[in-house]
Amino acid sequence: MIRFALAPVLVAVTAALSAAAPAWAQACDTPSGQPVPRFVTLKFSEVRGRIGPSTSHPVRWEYRRQGLPVEIVAETSDWRRVRDPQGEESWMHRRTLSGRRAVHVIEETGLHTRPDVESPETARAEPGAILWLERCRSGWCRLESDGIRGWVIAAHLWGTYAYEQAAAPDPESAAGPPCHGARSVAQEAAVQGAAGL
């Protein structure tokens, strides 16, 4: 049986993070036009996380794992404040991030042939393993690494949204991160202001 194991992920560079900037509202009036928060991955095998959004800010972390999932919690036009699977936050340039999704395994789990705990396992993933995310449904996610594919319970993974972890989708909730086709907070305020609401 194949086992996916933890590889070195990050190296501490400085001891303290500067005062945290507040996370931005979940609206599409962000500089990228995309929802915040959202999950992305590291594009390169070495990426620096800085204490602020510029190259003049000191490096806090040096990440050494291409494909590591991170969550964007704030952004400027060129910089993204990200949270890693251990909860550490730093700023990364947008060029160092990819929209391809991956997950970080929280606890040892089997990759099943179907989204069913009774189905055979194709591989086992150890805590800290990183696997590519193909899709999620009914509380299960289909993952891939080195040509090996299988279904894992989404609750065993870091890098999935609440709607992906839900065993039964809530018909009232969004089918993705907020803001798919919806107005941004600023656009909604402008429309209501123009209408006298």
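A.B. asks: Which residues make up the overall build of the protein chain, and what are the values?
C.D. replies: Scanning the protein chain from terminus to terminus reveals two helices and 16 strands. Across the protein chain, contacts joining residues at least 24 apart in sequence account for 59% of those joining residues at least 6 apart. Total accessible area computed for the protein chain in this model is approximately 10,200 Å², and 52% of it derives from carbon and sulfur atoms.

A.B. asks: Help me get a handle on the packing of aromatic side chains, residues and values and all.
C.D. replies: In this structure the tally under the stated criterion is three aromatic pairs. Judged by centre distance (5.4 Å) and plane angle (80°), the ring pair of Phe 39 and Trp 158 falls under edge-to-face. Residue Phe 39 is located in strand β3 (residues 38-42), and its partner Trp 158 is located in strand β16 (residues 157-158); the two are separated by 119 residues in the primary sequence. Centroid distance Tyr 161 to Tyr 163: 5.7 Å. Interplanar angle 10°. Geometry classified as stacked. Here Tyr 161 falls in the buried class, since its relative accessible area comes to 13%. An aromatic cluster is built from Phe 39, Trp 158, Tyr 161 and Tyr 163, whose rings are joined through pairwise contacts. The residue whose ring lies beneath Arg 100 is Trp 132, and the NZ or CZ to ring-centre distance is 3.6 Å.

A.B. asks: Tell me about the side chain of Thr 96, and please be specific about residues and values.
C.D. replies: Summarising the element assignment, Thr 96 is placed in the loop between β8 (89-93) and β9 (97-98). The contacts of Thr 96, once residues within four sequence positions are left out, are Thr 41, Leu 42, Lys 43, Phe 44 and Val 47.

A.B. asks: Which residues make up the nonpolar core, and what values go with them?
C.D. replies: Counting 14 residues, the largest nonpolar core has Leu 42, Val 70, Met 92 and Leu 97 as the members making the most contacts within it. Contributing elements (two or more residues each) for this core: β3, β5 (59-63) and β6 (69-75). Ranked by size, the runner-up nonpolar core spans 12 residues in total, among them Leu 111, Cys 141, Leu 143 and Leu 157.

A.B. asks: Outline the state of the cysteines, supporting the account with residue identities and numerical values.
C.D. replies: Per the counting criterion, the structure on display carries one disulfide. Each disulfide pairs two cysteine sulfurs, and for Cys 136 the partner residue is Cys 141, the sulfurs being separated by 2.0 Å. Measuring handedness by torsion sign, the sulfur bridge of Cys 136 and Cys 141 sits at about 100° and is right-handed. Owing to a relative accessible area of 0%, Cys 141 belongs among the buried residues under this scheme.

A.B. asks: Which residues make up the pairing of β5, and what values do they have?
C.D. replies: β5 sits mainly inside the fold: five of its five residues count as buried. Pairing of strand β4 (residues 47-50) with β5, which is carried by four bridges, proceeds in the antiparallel orientation. Paired with Val 47 across the strands is Tyr 63, a residue of β5.

Analysis parameters
- Residues numbered from 1 in each chain as written.
- Predicted model: local features only at pLDDT ≥ 70, side-chain atom pairs only at ≥ 80, totals over all residues.
- Heavy atoms only, no water.
- Helix = DSSP H or I, 4+ residues; strand = E, 2+ residues; numbered from the N terminus.
- Contact = heavy atoms within 4.5 Å.
- Areas by Shrake-Rupley, 256 points an atom, 1.4 Å probe, with all protein chains shown as cover.
- Phe/Tyr/Trp six-rings, centres within 6.5 Å; stacked < 30°, edge-to-face > 60°.
- Buried < 20%, exposed > 50% of the residue type's maximum accessible area, 1.4 Å probe, protein only.
- Lys NZ or Arg CZ within 6 Å of the ring centre and 35° of its normal.
- Core = buried A, V, L, I, M, F, W, Y, C linked by side-chain atoms within 4.5 Å.
- Disulfide = S-S within 2.5 Å.
- Pairing = 2+ DSSP bridges.

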